[in-house]
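Close look at the chain arrangement
If you want the building blocks of each chain, they are given just below.
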Amino acid sequence: MDDLLNRSRAAVWHPCTQMKQLEAAPPLAIARGEGAWLIDTDGRRYLDAISSWWVNLFGHCNPRINAAIIDQLGKIEHVMLAGATHEPVVDLSERLAKLTGLGHAFYGSDGSSATEIALKMSAHFWRNSGQPEKNGFISLKNGYHGETLGALSVTDIPLFKDTYAPLLRHSVQVPTPDARLAEPGETAEAYALRCAAALEAHLAEHAATTAAFIVEPLVQGAAGMAIYHPTYLKRARDLCTQYRVHLIADEIAVGFGRTGTMFACEQANIRPDFICLSKGITGGYLPLSAVLATDDVYAAFYGNATARGFLHSHSYTGNPLACRAALAVLDIFEHDQVIAANRVKSIEFTGILSEVAAHPRVRHFRHLGMIWAFDVADATAGFSTRFHQAALAQGVFLRPIGRTVYAMPPYVTSADEMRGLADVVLACLDTPAI
Ligand SMILES: *Cc1c(COP(=O)(O)O)cnc(C)c1O
């Protein structure tokens, strides 16, 4: 195991990591996975409580997803999607259209590329519609939409953004409806409406130069699982329609059941102009993302002129193996009635975490669907690393964001496994030095 860690340090540049810190805190050397568990090269087991960066839905080495990929391997592993098509990508596009109420699925390889696609498509729509000056973007304060340059331009996390600021295009951030920011006595809904008023004030002045408003519906993940009231999305939808600005729903993290409905937008009963999907789409198996859009958007690109078309491409667009994994995921959702089953599970897990919620160090305990989060009142510098390591030593893989501890377990996690997680979190909270 030590040998593997040394070789990894020397050969692999790990993401979101100061490599020098890996000397003191080496990465886990994972040999296998099994359900909600990661197993290292020495056979130690860790509960994957954040679903491998929010991507895993039905556990590691899920037999049904494995079988779908193996079946596809015997047919065709990949073919380019310009000038060719294949059954998995057509099936998946049809099924995603049925689920989202949007269509014309355009595929990328990861979440950031989906953001890039949606932003480019929106601006190109306005250009094709004779309004090229509508090319600005709005996003929420503390929003996260990925880290490639276009996506980073609408991301608002200083740690990721500040260094690259000179490379980025200007965008505008409007106040976040994050319920934690409500005034004392103000409801989450009242605060959401106050934030929507700020969005309206911005649109009233700048709609003529704005292409789209991009949001993470209901939960701002990278901001620290900031949850907000669905009323905000309802108002945002109305305002975007009124001011003729696209609404882009970045459901990359919240899609596929994470917030308790298949897509978070359903809880506000709205249809965005674009939806970005990735992460859970393949159950955490293979990189794949998709952007679906309205018929109106699609129609603005349809015509005889080549330059009117959406001229964007990635080599692995619509990869058949990834599409088969995604189809297997949708089959599991249907066959096991996952959304309904998770509703029961979610209530049970919240009960299991009640002692955590009541812990004196815990503030803003919050929960939506299969996401639980809280802030630690007295967290000092280095809290997140100390908490991560202490939990790891007790067999739970958690990665707090600043002072926010969150769990986002695979849907196959059992009540017993959740009890184990609650015990470890309590033990960490009971250690004042963490
Ligand atoms: C993770 C994430 C992205 C970026 O996806 P990558 O696959 O990491 O590029 C974009 N938006 C949201 C909301 C995300 O959580």
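Predicted model only: the values in this text are computed from it and were never measured.

**Considering the site of the ligand**
What surrounds the ligand is the set Trp 54, Asp 110, Gly 111, Ser 112, Tyr 144, His 145, Gly 146, Glu 216, Asp 250, Ile 252, Ala 253 and Lys 279. Within the side chain of Ser 112, a nitrogen or oxygen atom sits 2.6 Å from an oxygen atom of the ligand. Note that an oxygen atom of the ligand is positioned 2.6 Å from one of the side-chain N or O atoms of Lys 279. Contact with the protein chains covers 83% of the free accessible surface of the ligand, which is 380 Å². Grouping the constituent residues of the shell around the ligand by class yields four nonpolar, four polar and four charged.

**A few points about the packing of helix α4 (residues 87-100) against helix α11 (residues 320-335)**
Relative to each other, α4 and α11 sit at 40 degrees, their axes nearing to 9 Å. Classified by the angle between their axes, α4 and α11 sit oblique to one another. Every pair of crossing elements has a handedness; the one defined by α4 and α11 is left-handed. Across from Pro 88, Val 89, Asp 91, Leu 92, Arg 95, Leu 96 and Leu 99 in α4, the residues of α11 making contact are Pro 320, Cys 323, Arg 324, Ala 326, Leu 327, Leu 330, Asp 331 and Glu 334. Of the residues belonging to the contact of α4 with α11, the class tally is 10 nonpolar, no polar and five charged.

**Describing the layout of surface pockets**
Of the voids in this model, the second largest pocket is the one considered here, and its volume is about 430 Å³. Lining the second largest pocket are 15 residues, and of these His 104, Ala 105, Phe 106, Tyr 298 and Phe 310 sit closest to its centre. Listed by contribution, the elements that provide at least two residues to the lining of the second largest pocket are β4 (103-108) and α10 (295-301). Partitioning the lining of the second largest pocket into residue classes produces 11 nonpolar, four polar and no charged.

**Quick look at the environment of Asp 40**
Mapped onto the elements, Asp 40 comes out in strand β2 (residues 37-40). Among the polar contacts listed, one links the side chain of Asp 40 to the backbone nitrogen of Asp 42, at a separation of 2.8 Å. At 3.1 Å, the side chain of Asp 40 and the side chain of Tyr 46 are in polar contact.

**Remarks on unusual backbone geometry**
If you check the backbone angles, Arg 244 has positive phi at about 55 degrees while not being a glycine. Tracing the sequence through the fold places Arg 244 in the loop between α9 (231-242) and β10 (246-250).

**Details of the sheet that holds β2**
An order of β1-β2-β3-β15 is seen for the four strands of this open sheet, with the pairing classed as mixed. Two strands in the sheet have a free side with no partner beyond their single neighbour: β1 (30-34) and β15 (396-397). Two elements, strand β3 (residues 45-48) and β15, share two bridges in a ladder whose sense is parallel. Pairing of Asp 48 across the sheet is with Phe 397, part of β15.

**So, the UniProt feature "modified residue: N6-(pyridoxal phosphate)lysine" (unreviewed entry) in the protein chain**
As annotated in UniProt, the feature "modified residue: N6-(pyridoxal phosphate)lysine" (unreviewed entry) corresponds to Lys 279 in the numbering used here. Here Lys 279 is to be found in the loop between β11 (274-277) and β12 (289-293). Apart from residues no more than four positions distant in its own chain, Lys 279 is found in contact with Trp 53, Trp 54, Val 55, Ile 252, Ala 253, Gly 284 and Leu 288.

**What about the packing of aromatic side chains?**
Evaluation of the coordinates by the stated rule reveals 14 aromatic pairs. An angle of 70 degrees between the planes, with centres 5.3 Å apart, marks the rings of Phe 58 and Phe 333 as edge-to-face. Highlighted residues: Phe 58 in the loop between α2 (51-54) and α3 (63-73) and Phe 333 in helix α11, separated in sequence by 275 residues. Aromatic pair Tyr 298 and Tyr 302: ring centres 5.9 Å apart, planes at 40 degrees, arrangement tilted. Each member of the aromatic cluster is reached from another via a ring pair, and the members are Phe 58, Phe 333 and Tyr 411.

**Looking at the sheet that holds strand β16 (residues 404-407)**
Strand order in the open sheet formed by three strands is β13-β14-β16, and the pairing between neighbours is antiparallel. Each having just a single partner strand, β13 (362-368) and β16 make up the two edges of the open sheet. Taken over all neighbouring pairs, the strand axes of this sheet differ in orientation by 15 degrees on average, direction set aside. By the bridge criterion, five bridges tie β13 to strand β14 (residues 371-376) in an arrangement that is antiparallel. In the strand pairing of β14, Arg 366 is matched with Ala 373.

**What about the domain arrangement of the protein chain?**
Entries for the protein chain in the domain assignment read domain 1 (1-62 + 337-430) and domain 2 (65-336). Averaged C-alpha coordinates put domain 1 and domain 2 at centres separated by 26 Å. Taken together, the links from domain 1 to domain 2 amount to one salt bridge. Where Asp 375 meets Arg 180, a salt bridge forms, and the shortest distance between an N and an O atom there is 3.0 Å. Taken together, the connections running from domain 1 to domain 2 amount to 17 residue pairs in polar contact (both at pLDDT 80 or more). Its residues assigned to classes, the side of domain 1 that touches domain 2 comprises 20 nonpolar, 10 polar and three charged.

**Details of the pairing of β11**
Residues Phe 274 and Cys 276 line one face of β11 and the alternating positions Ile 275 and Leu 277 line the opposite face, and both faces are buried. Both β10 and β11 contribute to a ladder of three bridges, which runs parallel. Looking at the pairing, Ile 248 lines up with Phe 274 of β11.

**What to know about the nonpolar core**
Ranked by size, the top nonpolar core spans 114 residues in total, and within it Leu 96, Phe 213, Tyr 232, Phe 256, Phe 333 and Leu 421 carry the most contacts. Sort the elements by how many residues they give to this core and α11 lands first, with 11 residues. A domain split of this core shows at least three residues from each of domain 1 (1-62 + 337-430) and domain 2 (65-336). Excluding residues within four positions of it along the chain, Leu 96 makes contact with Leu 102, Tyr 107, Phe 256, Leu 277, Ile 281, Ala 290, Leu 292 and Leu 330. By size, the runner-up hydrophobic cluster in this structure holds 23 residues, among which are Trp 126, Phe 137, Ala 212 and Val 291.

Cut-offs and rules
Residues numbered from 1 in each chain as written. Predicted model: local features only at pLDDT ≥ 70, side-chain atom pairs only at ≥ 80, totals over all residues. Heavy atoms only, no water. Near = heavy atom within 4 Å. Polar contact = N/O pair within 3.5 Å; in protein donor to acceptor, adjacent residues only side chain to side chain. Areas by Shrake-Rupley, 256 points an atom, 1.4 Å probe, with all protein chains shown as cover. Nonpolar A, V, L, I, M, F, W, Y, C, P; charged D, E, K, R; others polar. Axes fitted to C-alpha atoms, helices over the stretch in contact; angles between N-to-C directions. Helix = DSSP H or I, 4+ residues; strand = E, 2+ residues; numbered from the N terminus. Parallel < 35°, antiparallel > 145°, perpendicular 65-115°, else oblique. Left-handed = near helix turned anticlockwise from the far one by under 90°. Contact = heavy atoms within 4.5 Å. 1 Å grid on protein atoms, 1.4 Å probe; cavity = no way out; pocket = protein on both sides within 12 Å on 5 of 7 lines; lining within 4 Å. Points joined across faces, edges and corners; volume = space filled by probe spheres on them. Pairing = 2+ DSSP bridges. UniProt positions renumbered as here; feature names shortened; annotations may be inferred. Phe/Tyr/Trp six-rings, centres within 6.5 Å; stacked < 30°, edge-to-face > 60°. Domains from an automatic or database assignment. Salt bridge = Lys/Arg side-chain N within 4 Å of Asp/Glu carboxyl O. Buried < 20%, exposed > 50% of the residue type's maximum accessible area, 1.4 Å probe, protein only. Core = buried A, V, L, I, M, F, W, Y, C linked by side-chain atoms within 4.5 Å.

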